[in-house]
Amino acid sequence: MADDDALDHIPTDEVERENWDDETNEDDPNADTTAPSQEPGDDAEESSDEEDPNVRELFLDWLTTHLRTVEVVGTKPTPWCAQWWLHPEVVARFKSLWQASMQADASVQDGDAGAVSSWWINHWDRHAAVIFDKSTGPFRDCDPDEGHLHRRKDKTSPIVSATRPPDNVEL
């Protein structure tokens, strides 16, 4: 699994994560690896919980503790990327698992003794099946030893194009 020290350098928000190219831009001396500054007029008080270091630390503590307990994810060897935070889908899935886990823990406190078991079956098992799928999962082109997107020729293009339809297209 990922080295715990590497987790200390995870970006705190989506913009930083998109611009954070530690390892992928090492070959490009002109790559801009600075985080964007706050725009004038942005209200710092309106920042999301994702930017709150305490929430970030709670999430990372939960995730690293949880991943240490995982023994089986369905395929051998288990696909993993030591820079998992560079995979937006994985981050979103891990965050939703964390939030559902907190809800399950709260439900146990409210008397639902099966909430954590349901979390494992209905949340973890379903997300883990996607995250760790060797042939179609987000880590399919990564190698635990060789690095992030090791098997992809074009490391910068998105897997799925996120283009918007023209304004005259009814949705």
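All residue numbers refer to position in the chain's written sequence, counted from 1. Reporting in this predicted model follows two pLDDT cut-offs: at least 70 for local features of residues, and 80 or more for side-chain atom pairs to be given and counted; totals over whole chains, interfaces and linings ignore these cut-offs and use all residues. The side-chain numbers reported here are obtained from all heavy atoms of the structure, hydrogens and water having been left aside.

1. Overview of the packing of aromatic side chains
- Only the six-membered ring of Trp is used, alongside the rings of Phe and Tyr, when aromatic pairs are assigned; centres must lie within 6.5 Å, and planes under 30 degrees apart are stacked while those over 60 apart are edge-to-face, with the rest tilted. One pass over the structure, following the stated rule, counts eleven aromatic pairs.
- Considering the side-chain rings of W80 and F139, the 5.2 Å spacing of their centres and the 65° angle between planes classify their relative orientation as edge-to-face. Taken together, the positions of W80 in the loop between α2 (53-69) and α3 (88-109) and F139 in the segment after α4 (115-131) put the pair 59 residues apart, joining distant regions of the chain. Of the two residues, W80 and F139, neither departs from the other in class, the shared state being buried.
- Ring centres of F132 and F139 lie 6.3 Å apart, and the angle between their planes is 55°; on these two criteria the pair is classed as tilted. By the burial criterion, F132 is buried, and F139 matches it.
- Counting every residue linked through ring pairs, the aromatic cluster contains W62, W80, W119, W120, W124, F132 and F139. Each helix is a run of DSSP H or I of at least 4 residues and each strand a run of E of at least 2, with the numbering of both proceeding from the N terminus. The rule is simple: take the accessible area with a 1.4 Å probe, protein chains only, and divide by the maximum for that residue type; under 20% is buried, over 50% is exposed, in between is partly exposed.

2. A look at the packing of α2 against α4
- An axis is simply a line fitted to the C-alpha atoms; with a helix, the fit covers only the stretch in contact. Between two such axes, the angle follows the N-to-C directions and lies from 0 to 180 degrees. One way to put it is that α2 packs onto α4 with a least axis distance of 15 Å and a crossing angle of 100°. It follows from the interaxial angle that α2 and α4 lie roughly perpendicular. Residues W62, H66, L67 and T69 of α2 lie in contact with α4, whose contacting residues are W119, W120 and W124.
- Across the contact of α2 with α4, the residue classes tally to five nonpolar, two polar and no charged. When describing relative orientation, an angle under 35 degrees is termed roughly parallel and one over 145 degrees roughly antiparallel, while 65 to 115 degrees is termed roughly perpendicular and anything else oblique. Two residues form a contact once any of their heavy atoms are found within 4.5 Å. The classification used treats Ala, Val, Leu, Ile, Met, Phe, Trp, Tyr, Cys and Pro as nonpolar, Asp, Glu, Lys and Arg as charged, and all other residues, Gly among them, as polar.

3. Some details on α2
- With 17 residues, α2 extends 24 Å from end C-alpha to end C-alpha; this agrees with the ideal 24 Å at 1.5 Å per step.
- For α2, the set of buried residues is R56, F59, L60, W62, L63, T64, H66 and L67.
- The elements touched by buried residues of α2 are α3 and α4. Expected helix span is computed as 1.5 Å times (number of residues minus one).

4. Quick word on the confidence of the model for the protein chain
- Mean pLDDT over the protein chain stands at 75; residues scoring 70 or higher make up 65%.
- Every residue in residues 12-49 scores below 50 in pLDDT, and together they form 27 contacts with partners more than four places removed in sequence or on other chains. pLDDT expresses how confident the predictor is about each individual residue, on a scale running from 0 to 100.

5. Digging into the nonpolar core
- Side-chain atoms within 4.5 Å link the members of a nonpolar core, which is a set of buried Ala, Val, Leu, Ile, Met, Phe, Trp, Tyr and Cys residues. Judged by nonpolar contacts, the single largest core of 28 residues is most densely connected at W84, F94, W124, F132 and F139.
- The set of elements that each furnish at least two residues to this core consists of α2, α3 and α4.
- Ranked by the residues each element gives to this core, the list is headed by α3, at seven residues.

6. Some thoughts on the side chain of H127
- Following the sequence through the fold, H127 ends up in helix α4.
- Look at H127 and you get buried, because its relative accessible area is 19%.
- Reaching out from H127, the side chain makes a polar contact with the side chain of R93 at a distance of 2.7 Å.
- Those residues in contact with H127 that sit more than four places away from it in its chain are R93, S96 and L97. Whenever two N or O atoms come within 3.5 Å, that pair is a polar contact, provided that in protein one can donate a hydrogen and the other can accept it, and provided that, for residues adjacent in sequence, both atoms are side-chain atoms.

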